[in-house]
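Overview (structure and organization)
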Amino acid sequence: MKFQKICVLGLGYIGLPTASTFATSGLKVIGVDVNASIVKGLQNGQLHIYEPGLRTLVQAAVKSKRLEISEQAQEADAFIIAVPTPFYGEKKADLKYVISAAEAILPHLRKGNLVVLESTSPPRTTLDILVPILEKSGLKAGVDFYVAYSPERVLPGQILRELIENARVIGGITPASAQAGHDLYKIFVKGEIITTTATTAEMVKLMENTYRDVNIAIANEFSRLAERFGVDVWEAIQIANLHPRVNILNPGPGVGGHCISVDPWFFVEAAPDLTPLIHTARQVNDSQPQFVVSKLETILNGLSGKTISVLGLAYKPDVDDLRESPAIEIVHLLAAKGAQVKAYEPFKPDFPLSVGHMAKSLDEALAETDALLLLVGHQPLKTLDPQAIKTKTNARIMLDTVNGWDCEAWAAAGFETHQLGVSRCD
Ligand code: SAJ
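Below: a short report on this structure.

Focus: the overall build of the protein chain
On a plain count of helices and strands, the protein chain comes out with 17 helices and 16 strands. What you see for the protein chain is a C-alpha radius of gyration of 24 Å, in line with the 22 Å of a compact globule of 426 residues. Considering only C-alpha atoms, the protein chain reaches an extent of 70 × 50 × 40 Å along its principal axes. Once local pairs closer than 6 in sequence are excluded, the contacts in the protein chain between residues at least 24 apart make up 72%. Here the protein chain has roughly 18600 Å² of accessible surface; of this, 53% comes from carbon and sulfur atoms. Between the centroid of the 40 positive side chains of the protein chain and the centroid of its 47 negative side chains there is a distance of 5 Å.

See the structure below:
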């Protein structure tokens, strides 16, 4: 199948890089978002999200006139839906954006078109939700037009490279639909393109993130066991991983972001009777912030009235994304215990924290405090020199939850050192 013009619905972390990459690969692309201020900003070359290299790519695509930003969908050869599938209250998937994007395509759907869903979705969403909406056009899916599911699998911080280089899975509601999807993504994907059924592709996406979540949950549980048995979990994991068939991930203050902390719930919601392991792993990771706060409480002999310098708020190292961040939850738990929080996030120093104090600089966060709590292994935080830090703070206690600091060096600088997953760290 040949494509000249496509319409990408949803201009977030996935839709915007995808639309821009198709445009710079020679297609005419209509990038659609329902948020008027995002549309206006992008039309003027201003981005609402940060991803390395994205600004330059979008500006080049807009300047070439191959990427047009609009609030309205238009007729096109293919439509890509890349809207969020958030979670609400009871850990249930909210498909309202997928539904409204499909409805926005309806008036423009023509024979021979391809519709691709990229949003992470519960199993069977393409068949049971998307297809019935599109068939309200009077056209028959798989006969008059093609439908496929192709999940994004790119890592925030590496999106532009991974979009092109990663293997891509394309699941069609028919083999011809999968082939049409293959022909579309072949335009820029350099990694292998694997075609399969739509429901398989949906499951593959959820399985990848669930596998990672379960692996991190076991690492977090190992960190608790190591503390109980007087072992350094970081050393133990490193040694275990020398086994050729073992690859344990890292413990930490919890699992955040909008993917790994959310996607496993799609399985739990869809089949609660079949998912005790997945459910428990989610609970283990969700309780890790509480574990960190309890550890600090023990170290400080209570938290009430103490001032804690929280270093790092992002959901993972070297990104400015704070969505579902365990660090934010830790701030709330500390405040609930009566501690004063001074938080510092080098990648987003102006974040509007609802409790505690957001320090504009590291020096401000370090002054007048009782303990330093490292929650994110950002490069600028990992490389802090304890000898220099001790001149900026009156705190002499530190707790490192990400194996970011060298205990010996901090102890040599006069700090009482503590690490997650280690019974004694000096
Ligand atoms: N984390 C740990 N220990 C680790 C690794 C990660 O505690 O060893 C934590 C991080 O600090 C973070 C969370 O897990 O809070 C998730 O971070 P991540 O880097 O594992 O993953 P994401 O959410 O940034 O991106 C994932 C990726 N999925 C996989 O690696 C299987 C990415 O490829 C997906 O495209 C993305 O989810 C997505 O959009 O679904």
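Considering the packing of helix H8 (residues 198–229) against helix H10 (residues 263–270)
At a minimum axis separation of 7 Å, H8 and H10 run at an interaxial angle of 110 degrees. Considering their axes alone, H8 and H10 lie roughly perpendicular with respect to each other. Along this stretch, H8 crosses H10, giving a crossing that reads as left-handed. Residue-level inspection shows Met203, Lys205, Leu206, Met207, Asn209, Thr210 and Asp213 of H8 in contact with H10, the latter providing Asp263, Pro264, Phe266 and Phe267. Residue composition of the contact of H8 with H10, by class: six nonpolar, two polar and three charged.

Some thoughts on the sheet that holds strand S10 (residues 193–197)
With respect to topology, eight strands assemble into an open sheet ordered S3-S2-S1-S4-S7-S8-S9-S10, the strand pairing being mixed. Strand pairing shows two members of the sheet lacking a second neighbour, strand S3 (67–70) and S10, which therefore form its edges. Each adjacent strand pair in this sheet contributes to an overall mean axis angle of 25 degrees, direction not counted. Pairing geometry for strand S1 (residues 5–9) and strand S2 (residues 28–32), over five bridges, is parallel. Note that in S2 the partner of cysteine 7 across the bridge is isoleucine 30.

Criteria and cut-off values
Residues numbered from 1 in each chain as written. Predicted model: local features only at pLDDT ≥ 70, side-chain atom pairs only at ≥ 80, totals over all residues. Heavy atoms only, no water. Helix = DSSP H or I, 4+ residues; strand = E, 2+ residues; numbered from the N terminus. Rg over C-alpha atoms; globule rule 2.2 N^0.38 Å. Contact = heavy atoms within 4.5 Å. Areas by Shrake-Rupley, 256 points an atom, 1.4 Å probe, with all protein chains shown as cover. Lys, Arg positive; Asp, Glu negative; His and termini not counted. Charge placed at Lys NZ, Arg CZ, Asp CG, Glu CD. Axes fitted to C-alpha atoms, helices over the stretch in contact; angles between N-to-C directions. Parallel < 35°, antiparallel > 145°, perpendicular 65-115°, else oblique. Left-handed = near helix turned anticlockwise from the far one by under 90°. Nonpolar A, V, L, I, M, F, W, Y, C, P; charged D, E, K, R; others polar. Pairing = 2+ DSSP bridges.

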